[in-house]
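Residue-level listing of the chains:
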Amino acid sequence: MPDTRGTGTTLSDNSRSDLVEKSDDSAPATLVDTSPPDGGRKAWLTVAGAWMVQFSTFGYLNAFGVYQDFYTRDFLSHSSPSDISWIGSVQLFLMYAPAVFVGSAFDSGYFHHVQICGSILLVFSIFMLSLVQQNQFYQVFLAQGLGIGLGVGLLFLPSLSIVSHHFRRRRALATGLVVSGASSGGLVFPILLNHLFANTKVGFANGVRVSGGIIALLMIIANCIMRTRLPPKKRRGVSIRHGLLHIVGDGAYTSSIAGAFCTNLGLFVPFFYLQLFAADYNVSPAITTYILAILNAGSTLGRILPVALADRVGVYNMLLPAILASAVLLFSLFAATDTAGVVSVAALFGFSSGAYVSLIPPLLGTLCTDVSELGLRMGLAFSLVGTSMLVGTPIFGALLDTEGGAGRTLVWWKAIVFAGVRPLSALFPLSPCRPCGASSSLRRAQRGRSILGYPCCV
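Residues numbered from 1 in each chain as written. Predicted model: local features only at pLDDT ≥ 70, side-chain atom pairs only at ≥ 80, totals over all residues. Heavy atoms only, no water.

1. Observations regarding helix H3 (residues 64–75)
Here is step 1: With 12 residues, H3 should reach 16 Å at 1.5 Å per residue; the first-to-last C-alpha distance of 14 Å falls well below that figure.
Here is step 2: Along H3, 10 of the 12 residues are buried, which leaves the element largely enclosed by surrounding structure.
Here is step 3: Looking at H3, one finds that the buried residues are Phe64, Gly65, Val66, Tyr67, Gln68, Asp69, Phe70, Tyr71, Thr72 and Phe75. (Helix = DSSP H or I, 4+ residues; strand = E, 2+ residues; numbered from the N terminus. Expected span 1.5 Å × (residues − 1). Buried < 20%, exposed > 50% of the residue type's maximum accessible area, 1.4 Å probe, protein only.)

Below is the structure:
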């Protein structure tokens, strides 16, 4: 027999993810099948469109190391590495910070409205970046930090959440395919931008315009092929404040956010600084040009393979080794002062960091037993974690530039220690969450599986 709750919502026996709403009158309840189809033309086209969004948003931000190197040595040479890294960190922060509002809009049925607005703002800001003048930091910050950051923030979360409309059993795999677009973009854009910036016939302005044209085309295609499947979620008369208090009261959820916060303080440092690190240690220019592409090539594999295994062995069992490996590889930069060392760290760190990034959405899904809360839970988590991405890389840059001034010498050891310790500290709040009994939401879930179809975490 279905278990009737006081809210008027029942949970069917056939599928724990099927939500049934009962009318207020005495008529028999109408069963509404909301089970995702786990495939089909519309579902896979949506995955393809979401992949394009990830390619053009997170993938473009993954190429910021090219801008960091170019700005530090040439275009914004009057600014310190720490000041320049604020541009990239604000981008990352704004990618996550609006997530609680974007997630709520997604739950309310405004997916296409948000995607179209974000696409227009992103493309417009990229072309505005192509018009900025050399050594005018505020112009670059407004166009790239604020404009591109806000555009990405509107696009990023909905392109992940839309997967839940079409997949349940294979949701982790589908999510892994979608987020692989970010690392694929991080593979293509660094090579493209490095070559265009170095080409005197093209230069910075035209190079940025080329990248903007590519993103504009992909955004048009993506908005045409992505489709929602479920109707807007009906509000149950419960205030957002009450919903937030309910979510924050989940111990495993809040501990997982704390762990992600610590991890992200240091995780994105190589994406900002590895190309500058290689150039500072006189690694071959041919290798330096491709170092971010190597990093993101490793990330592509890391975003697919561990997520596929997570369907079998559990999300936490894949997440914790990924964080530990990332911390170890950050410390290995002390020994990576030649071509072989830098290439090895780039490929391996790309894999481990890619695994971490791709496992976060399935982790949040595992901790969610009410599909109507998914957008709010993901939005709240991303908004809080975005704060760590705002301050992490500027702190690294400040530690790096301890001998500032003209002809400054970059001091790497303090900054590397800071970056490596952050992911290690994340293991403390995350490790106690690994047993299923640590989560109140998981205790309410079906034994061995949550309502969203993810494996239990052990």
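2. Looking at the nonpolar core
Here is step 1: Judged by nonpolar contacts, the single largest core of 115 residues is most densely connected at Phe58, Tyr67, Tyr71, Leu129, Phe204 and Phe382.
Here is step 2: For this core, the element with the highest residue contribution is helix H16 (residues 339–366), accounting for 11 residues.
Here is step 3: With residues near it in sequence (within four places) discarded, Leu129 still touches Tyr67, Tyr71, Val140, Ala143, Gln144, Ile148, Phe204 and Val208. (Core = buried A, V, L, I, M, F, W, Y, C linked by side-chain atoms within 4.5 Å. Contact = heavy atoms within 4.5 Å.)

3. Re unusual backbone geometry
Leaving glycine out, the prevailing phi sign among residues is negative, and the prevailing peptide bond configuration is trans.
Here is step 1: Phi angles above zero are rare outside glycine, and Asn135 is one such case at about 65°.
Here is step 2: Within the fold, Asn135 resides in the loop between helix H6 (111–129) and helix H7 (137–161).

4. Let's talk about the environment of Phe70
Here is step 1: Residue position: Phe70 is located in helix H3.
Here is step 2: For Phe70, a relative accessible area of 16% gives the class buried.
Here is step 3: Placed 206 residues apart in sequence, Phe70 and Leu276 show a C-alpha to C-alpha distance of 8.9 Å.
Here is step 4: Once you skip the residues sitting within four places of it in the chain, Phe70 turns out to touch Phe75, Phe197 and Phe204.

5. Structural notes on the side chain of Asn296
Here is step 1: Turning to its location among the elements, Asn296 is positioned in helix H13 (residues 285–302).
Here is step 2: At a separation of 2.7 Å, a polar atom in the side chain of Asn296 contacts the main-chain carbonyl oxygen of Gly186.
Here is step 3: Every residue in contact with Asn296, bar those within four places of it in the chain, is listed here: Asn62, Ser183, Gly186, Leu187, Pro190 and Phe271. (Polar contact = N/O pair within 3.5 Å; in protein donor to acceptor, adjacent residues only side chain to side chain.)

6. Regarding helix H11 (residues 251–267)
Side chains that are three or four residues apart share a direction in an α-helix, a result of its 3.6 residues per turn.
Here is step 1: Spanning 17 residues, H11 covers 24 Å between terminal C-alpha atoms, matching the ideal 24 Å at 1.5 Å per step.
Here is step 2: Buried residues of H11: Ala252, Tyr253, Ser256, Ile257, Gly259, Ala260, Thr263, Asn264, Leu265, Gly266 and Leu267, and no others.

7. A few points about the environment of Leu380
Here is step 1: Topologically, Leu380 is positioned in helix H17 (residues 374–400).
Here is step 2: Along the backbone, Leu380 and Ala99 are 281 residues apart, and their C-alpha atoms lie at a distance of 6.6 Å.

8. Some thoughts on the packing of aromatic side chains
Here is step 1: Going through the model one piece at a time under the given rule, you end up with 28 aromatic pairs.
Here is step 2: A ring pair is formed by Phe137 and Phe141, whose centres lie 6.1 Å apart and whose planes are at 25°; its orientation type is stacked. Taken together, the positions of Phe137 and Phe141, both in helix H7 and 4 residues apart, correspond to about one turn of that helix.
Here is step 3: By relative accessible area, Phe137 is classed as partly exposed at 25%.
Here is step 4: The class for Phe141 is partly exposed, based on a relative accessible area of 23%.
Here is step 5: Here a set of aromatic residues connected by ring pairs shows up, and it is made of Trp51, Phe55, Tyr60, Phe64, Tyr67, Phe70, Tyr71, Phe75, Phe189, Phe197, Phe204 and Phe272. (Phe/Tyr/Trp six-rings, centres within 6.5 Å; stacked < 30°, edge-to-face > 60°.)

9. Details of a nonpolar patch on the surface
Here is step 1: A contiguous nonpolar surface patch, about 310 Å² in accessible area, is contributed by Phe124, Met128 and Leu131.
Here is step 2: With respect to the helices and strands, the residue Met128 is situated in helix H6.
Here is step 3: We classify Met128 as partly exposed; its relative accessible area is 34%. (Patch = residues over 30% accessible without salt bridge, like charges linked within 9 Å, V, L, I, M, F, W, Y side chains within 5 Å. Areas by Shrake-Rupley, 256 points an atom, 1.4 Å probe, with all protein chains shown as cover. Salt bridge = Lys/Arg side-chain N within 4 Å of Asp/Glu carboxyl O.)

10. Digging into the environment of Val188
Here is step 1: Tracing the sequence through the fold places Val188 in helix H8 (residues 171–198).
Here is step 2: By relative accessible area, Val188 is classed as partly exposed at 38%.

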